[in-house]
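# Coordinates in review
Letter by letter, the chains look like this.
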Amino acid sequence: MCVAQFQCPEDSQCVDYYKVCDQHPDCPEATDEMNCTDAVQCTDMTYVCADGTCLKKPNPECDFVTDCPDASDEKQCDCGLRQFSSRIVGGTNASEGEWPWQVSLQVRGTHICGGTLISRQWVVSAAHCFDDDRLFSPSMWTVYLGKLLLNRSSPTEEVARVQRILLHQYYDDESHDYDLALLKLDRLVVHARPACLPPPTHQLEPDLLCWVTGWGSLREGGRASNVLQKVDVRLVSEEACVRSYGQLVTPRMLCAGYRTGEKDACQGDSGGPLVCQEPSGRWFLAGVVSWGRGCGRPDYYGVYTRITRLTDWIKVVISSP
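Parameters at a glance
- Residues numbered from 1 in each chain as written.
- Predicted model: local features only at pLDDT ≥ 70, side-chain atom pairs only at ≥ 80, totals over all residues.
- Heavy atoms only, no water.
- Helix = DSSP H or I, 4+ residues; strand = E, 2+ residues; numbered from the N terminus.
- Rg over C-alpha atoms; globule rule 2.2 N^0.38 Å.
- Areas by Shrake-Rupley, 256 points an atom, 1.4 Å probe, with all protein chains shown as cover.
- Lys, Arg positive; Asp, Glu negative; His and termini not counted.
- Charge placed at Lys NZ, Arg CZ, Asp CG, Glu CD.
- Pairing = 2+ DSSP bridges.
- Patch = residues over 30% accessible without salt bridge, like charges linked within 9 Å, V, L, I, M, F, W, Y side chains within 5 Å.
- Salt bridge = Lys/Arg side-chain N within 4 Å of Asp/Glu carboxyl O.
- Buried < 20%, exposed > 50% of the residue type's maximum accessible area, 1.4 Å probe, protein only.
- Arc of directions from axis to C-beta.
- Contact = heavy atoms within 4.5 Å.
- Axes fitted to C-alpha atoms, helices over the stretch in contact; angles between N-to-C directions.
- 1 Å grid on protein atoms, 1.4 Å probe; cavity = no way out; pocket = protein on both sides within 12 Å on 5 of 7 lines; lining within 4 Å.
- Points joined across faces, edges and corners; volume = space filled by probe spheres on them.
- Nonpolar A, V, L, I, M, F, W, Y, C, P; charged D, E, K, R; others polar.
- Phe/Tyr/Trp six-rings, centres within 6.5 Å; stacked < 30°, edge-to-face > 60°.
- Lys NZ or Arg CZ within 6 Å of the ring centre and 35° of its normal.
- Disulfide = S-S within 2.5 Å.

All right, on to the overall build of the protein chain then. For the protein chain, the helix and strand inventory stands at two helices and 18 strands. Against the 2.2 N^0.38 benchmark of 20 Å for 321 residues, the protein chain shows a C-alpha radius of gyration of 20 Å, consistent with a compact globule. Projected onto its principal axes, the C-alpha positions of the protein chain cover 65 × 40 × 40 Å. In the structure as shown, the protein chain presents an accessible area of about 14800 Å², 49% of it carried by carbon and sulfur atoms. Here the protein chain contributes 30 positive and 43 negative side-chain charges, whose respective centroids are spaced 9 Å apart.

Read across the open sheet, the three strands follow the order S3-S5-S4; overall the sheet is antiparallel. Each edge of the sheet is formed by a strand with only one pairing partner; in this case those strands are strand S3 (39–40) and strand S4 (47–48). Pairing analysis gives two bridges linking S3 to strand S5 (residues 54–55), with the strands arranged antiparallel. Each bridged residue has a counterpart across the sheet, and for Ala 39 the counterpart in S5 is Leu 55.

Taken together, the side chains of Asp 131, Asp 133, Asp 172, Asp 173 and Glu 174 define an acidic patch exposed on the protein surface. Tracing the sequence through the fold places Asp 133 in the loop between strand S9 (122–125) and strand S10 (141–145).

This paragraph deals with helix H1 (residues 238–245). If you check which residues of H1 are buried, you get Ala 240, Cys 241, Ser 244 and Tyr 245. What you see down the axis of H1 is that its buried residues fit within an arc of 120°, all on one side. Exposed residues on H1 whose side chains face more than 90 degrees from its buried face are Glu 239 and Arg 243. The secondary structure elements touched by the buried residues of H1 are strand S14 (229–236), strand S15 (253–257), strand S17 (283–291) and strand S18 (302–306). Looking one or two places after H1, you find Gly 246, whose phi comes out positive at around 65°.

If you trace the six strands once around the closed barrel, you get S7-S8-S9-S12-S11-S10, paired in antiparallel fashion. The average angle at which neighbouring strand axes cross in this sheet is 40°, direction not considered. Examined bridge by bridge, strand S8 (residues 110–117) and S9 share two bridges and lie antiparallel to one another. Paired with Leu 117 across the two strands is Val 123, which belongs to S9. Against the sheet, helix H2 (residues 311–319) contacts S9, strand S11 (158–167) and strand S12 (181–185), and its axis sits at roughly 25° relative to S12.

The subject of this paragraph is the layout of surface pockets. Size it by volume and the largest pocket reaches roughly 970 Å³. For the largest pocket, the lining is made up of 36 residues, of which Gln 76, Cys 77, Cys 79, Leu 197 and Lys 315 are closest to its centre. Here the lining of the largest pocket takes four residues from H2, the largest share from any one element. Of the residues assigned to the lining of the largest pocket, the class counts are 20 nonpolar, seven polar and nine charged. Roughly 770 Å³ of internal volume is contained in the second largest pocket. What lines the second largest pocket is a set of 25 residues, among which Met 45, Gln 203, Leu 204, Glu 238 and Arg 306 lie closest to the centre. Secondary structure elements with two or more residues in the lining of the second largest pocket: S14, H1 and H2. Classifying every residue of the lining of the second largest pocket by side-chain character gives 10 nonpolar, seven polar and eight charged.

Taken as a whole and assessed by the stated rule, the structure comprises eight aromatic pairs. The interplanar angle of 70° and the centroid separation of 5.4 Å between the aromatic rings of Tyr 170 and Tyr 178 together place this pair among those described as edge-to-face. An aromatic cluster of three or more residues is present, and its members are Trp 99, Trp 101, Trp 211 and Trp 283. The ring of Trp 99 carries Arg 82 above its face, with NZ or CZ at 4.7 Å from the centroid.

Note that Cys 49 resides in the loop between S4 and S5. Given a relative accessible area of 4%, Cys 49 falls into the buried group. A sequence separation of 18 residues divides Cys 49 from Asp 67, and the C-alpha atoms of the two residues are 8.9 Å apart. When residues no more than four places from it in sequence are discounted, the contact partners of Cys 49 are Leu 55, Cys 68, Pro 69, Asp 70 and Ser 72.

Simply put, the disulfide is a covalent bond whose two ends are the sulfur atoms of two cysteines. This model, assessed by the stated rule, comprises eight disulfides. For Cys 62, the disulfide goes to Cys 77, at an S-S distance of 2.1 Å. Its S-S torsion of about -85° marks the bond between Cys 62 and Cys 77 as left-handed, since a negative value means left-handed. Here Cys 77 lies in the loop between S5 and strand S6 (92–93) and Cys 62 lies in the loop between S5 and S6, a separation of 15 residues in the sequence. As far as the burial class goes, Cys 62 and Cys 77 line up, both buried.

So far we have only geometry, and geometry alone does not tell us how the molecule works.
Written out as structure tokens, the structure reads:
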């Protein structure tokens, strides 16, 4: 039996789900590439359309191809694209407009945490950014969108206040489990573009190249950066993550980085986005910067809140009145 993998009917070979329907046959008779838009039996690995139909094709959402009979996979897709004009360790300066969902959460003019715009009125960040009781008051915070330099306004910059802060009800400040917060803005943003929210069935395979962005320290114990930084990191298997951190890793966590270290998020990047680009060109929010041992240390990956495990909670909160 294949556990969390596709089983080739011809020879019972197991194939990773992300290789199914990718236009490259992996089964002897190419059965992994057949019936890709036909309805199949639902499992926890299959994408569910709004009408209840399940699809064999992995990650069909917002890829510019209508796969669901009711076209629901292409409906809420005003996200993840950028009109790109031209805590990060080992990163490089970002450019104006490169990461249009990146948010700076500030208290009295000081950058405290990052965040990600996921709709025109909601930002997702890390719950641990609000551990201090004084910081749990929405009136303390100012949200900056479209910023590149912390000390200067950008032409497309938008400023909003926070109306509500909601931490996940199972958040544990000691273990960092369920390290997720939602911030409702006091108005709809105009220019900033949201990142796409992945459905729970969205496949994120180990070794996938993704990007982390933020204004955090450029080295462990160092000063914050004035320019938004970006760094590429590879997703890491759960086994490798557990080898680094043991039982501290829960199913709500995702590791990314390199065994050699050097590229990582750092202090001040907390709450910021880990985004991965699908072949369609759209960027999906895979994780939120949560914790790790030091910054960019060998054998210690960055740990992120795994968004696919919390998508349902996010959707319930942002759709409730």
